[in-house]
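Spelled out from the first residue to the last, the chains are:
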Amino acid sequence: MSEEIIIVEGNGTLQGDVQVSGAKNSALKLMPAALLGRGRSVIHNVPHISDIFVMEEVMRRLGADVRRDGHDGRTLIVDTAQVDKFETPYELVSKMRASISVLGPLIGRFGEARVAMPGGCQIGARPIDMHLIGLEALGVHFEMKHGFLHATTPEGLHGADIVLDFPSVGATENMLMAACTAKGRTIIENAAREPEIVDLANMLNAMGAQVKGAGTSIIEVEGVPSDQLHPCEHTTVGDRIEAGTFLVGGALTGGPVTVHGIDPSYLRMALMKLSAMGCDIERGEDWIRVERTRPLAPADIQTLPHPGFPTDLQAQFMLLAALADGTSVITENVFENRFMFASELARMGADIAIEDHHALVEGVESLQGADVSSTDLRAGAALVLAGMVADGQTRVHNIGHIDRGYEDYVGKLRGLGACVERCSVDEG
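Worth saying up front: this structure is predicted, and the values here are computed from it rather than measured. (Residues numbered from 1 in each chain as written. Predicted model: local features only at pLDDT ≥ 70, side-chain atom pairs only at ≥ 80, totals over all residues. Heavy atoms only, no water.)

Asker: Explanation requested: the sheet that holds strand β16 (residues 280–283) in the structure shown.
Answerer: Strand pairing in a sheet takes place through backbone hydrogen bonds and is either antiparallel or parallel in direction. Reading across from one edge, β2-β15-β17-β16 is the order of the 4 strands in this open sheet, with mixed pairing throughout. Each edge of the open sheet carries a strand with a single partner, namely β2 (16–19) and β16. Strand-to-strand twist across the sheet, computed as the mean angle between neighbouring axes with direction ignored, equals 20°. Bridge count between β16 and strand β17 (residues 287–291): 4 bridges; the pairing is antiparallel. The partner of aspartate 280 across the bridge, within β17, is glutamate 291. (Pairing = 2+ DSSP bridges. Helix = DSSP H or I, 4+ residues; strand = E, 2+ residues; numbered from the N terminus. Axes fitted to C-alpha atoms, helices over the stretch in contact; angles between N-to-C directions.)

Asker: What am I meant to see in the packing of helix α8 (residues 240–253) against helix α12 (residues 377–389) here?
Answerer: Helix packing geometry: the angle between the two helix axes and the distance between the axes. In contact at an axis separation of 10 Å, α8 and α12 are set at 20° when each is read in the N-to-C sense. Considering their axes alone, α8 and α12 lie roughly parallel with respect to each other. Every pair of crossing elements has a handedness; the one defined by α8 and α12 is right-handed. Residues Ile241, Thr245, Val248, Gly249, Leu252 and Thr253 of α8 touch α12, and the partners they reach there are Arg378, Ala381, Leu385, Ala386 and Val389. Classifying every residue of the contact of α8 with α12 gives 7 nonpolar, 3 polar and 1 charged. (Parallel < 35°, antiparallel > 145°, perpendicular 65-115°, else oblique. Left-handed = near helix turned anticlockwise from the far one by under 90°. Contact = heavy atoms within 4.5 Å. Nonpolar A, V, L, I, M, F, W, Y, C, P; charged D, E, K, R; others polar.)

Asker: Help me out: how do you make sense of unusual backbone geometry in this one?
Answerer: Excluding glycine, residues mostly carry a negative phi; peptide bonds, for their part, are mostly trans. The omega torsion across glycine 255 and proline 256 is 0°, close enough to zero to call that bond cis. You can see proline 256 is positioned in the loop between α8 and β15 (257–260). The step from histidine 306 to proline 307 runs through a cis peptide bond, and the omega angle for that step is 15°. The phi dihedral of arginine 38 is positive, around 50°, even though this residue is not glycine. Mapped onto the secondary structure, arginine 38 falls in the loop between α1 (24–33) and β3 (40–44).

Put into structure tokens, the structure is as follows:
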């Protein structure tokens, strides 16, 4: 048996320009949103990543016609006119937690859904209780049988005032999509404020929905009859986490690295931390440049829902902290298992002590190349970056995690001067 791994030689080089792909966490929700349009929607700037391929197959199993178009294949045509099923299969949903995103639009279209319980990265419990409580307020009844969640609407969907315990992105999205066809007005308080929520709302509005307040903590949806929603054409926003990952790479090696295709406002908190750690930041309308000529300074970082520091950049910034001149404290407030990455970085010589949801990171002078394993999507990307500044060779295993969220990660890094390759090796 063989496995694919990423091999990195530590040449300390990462500089130049890189184009950011469409946002994974946006495109994965825009695709099921097309179910509400009952026809041929066109979604541009959709990345070539494994999570998207899984969602494409989920949509096909529901009866949609999904195909790639455009000169670069990043335009997705999703025709949902013939969708006649409201059940998603376990073998697909178990691969990816985002598959639960079909729940809201299926309920909005059919008033019924049967969805297998989701899987995905093992970075915490991530219960879907808030999804269910919010949808129940809209008139949805749930039964759990044999690993499937069966949703029905005995008396139809109706508007409601909902207050989330926590600004959950997934719960906000599912309620938002279901509420589009609910009778009356729905108000979601303590809603998630991520840019991907705004992107979803913009597509829904282009389909004829009436959504206001996306990007704020209070979203208001005036329901419309389901037959008033129609297909649309929409362009996915740039991926802020991919952009942040390459910016960290530039900060790590000194750069300069310029990322294109991203709104700098999406990364305001991360850019503040890069500046505090000794980097020089320039920004334009849709690009950000990072350069560092000073030693890395330590930082205190707390992950929080947007507009706070994103948990999806925590591993990358832990890498920066591991080489900073001093002690950093990183507090993980979103996903309890995100610190699994620390033990892999420690294999490369990092000095990290974990206590509950705090990481005390004592900067070291250098890292050493080693065999390491991706524990989740973002950790995998960070380990590849670590190899670029480590002494010797680093071999990153379990890279399927990276493929879930980064399009041509190795190719883009090579374009910036990294000595990195992807290859198959014999297991054992």
